[in-house]
Amino acid sequence: MKSFEGLQEFLLIGVDPQTEWYPIPNGENDQDHAINGLKKTAKELQCFLKSLQEKYEFCPEQTALVGFSAGAVIALELALHAAEEYKMVISHNGAIFANKEIPQADKKTNFVLLHTQDDACFTWTERYVPMKNALCQKGYNVISIEHPIGGHKVFDEDIITMGTYLKNKFVD
């Protein structure tokens, strides 16, 4: 087990949707229902996070939104369209559905994208590369960790790398 000295005091909150984060899209040309559901869920999650921030006395700038697959989709959506600035977003094999709706960067939020080229869920050419390019073109700070193979999963070494990255970003 890897420990990260300096991260003794932090709050880890795992959020699971009641049913689903959003309706599953049928590809990039048939996803309006997914985008609408995603926007609704992002607003609900933002309200939930605000209640946690008040209860535990932390602010969005002290928050990392981390998700895998659909959880990454919602984390990306929330960070891009919330008024608040989050410290970072870590997306493990996620995607942005509406790249054309990505606003110009006006926040310092870091976006860490971890993805495999053979991901069958959020494919490399249809989802990942267009998302990465759109974020970069809009001026976001994007860090990419890309694997040629591995499918739709999180690698152990990526968890260790992200733990170290979180420590470096949150501990002075």
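Since we're looking at a predicted model, the values are computed, not measured.

> I tried to follow the pairing of strand β3 (residues 110-116) on my own but got confused; where do I start?
Across the seven residues of β3, seven count as buried, placing the element largely inside the fold. Alternating residues of β3 divide into N110, V112, L114 and T116 and F111, L113 and H115, and every residue in both groups is buried. Relative to β3, strand β2 (residues 88-92) is paired through five bridges, and the arrangement is parallel. Across the sheet, residue M88 finds its bridge partner in β3, namely N110. Sheet topology note: the β3/strand β4 (residues 141-147) ladder contains seven bridges and is parallel. Among the inter-strand pairings, N110 is bridged to a residue of β4, identified as N141. For the handedness criterion, the β-α-β arrangement of β3, helix α3 (residues 124-137) and β4 is classed as right-handed.

What counts and what doesn't
Residues numbered from 1 in each chain as written. Predicted model: local features only at pLDDT ≥ 70, side-chain atom pairs only at ≥ 80, totals over all residues. Heavy atoms only, no water. Buried < 20%, exposed > 50% of the residue type's maximum accessible area, 1.4 Å probe, protein only. Helix = DSSP H or I, 4+ residues; strand = E, 2+ residues; numbered from the N terminus. Pairing = 2+ DSSP bridges. Right-handed = clockwise from strand over helix to strand, strands pointing away.

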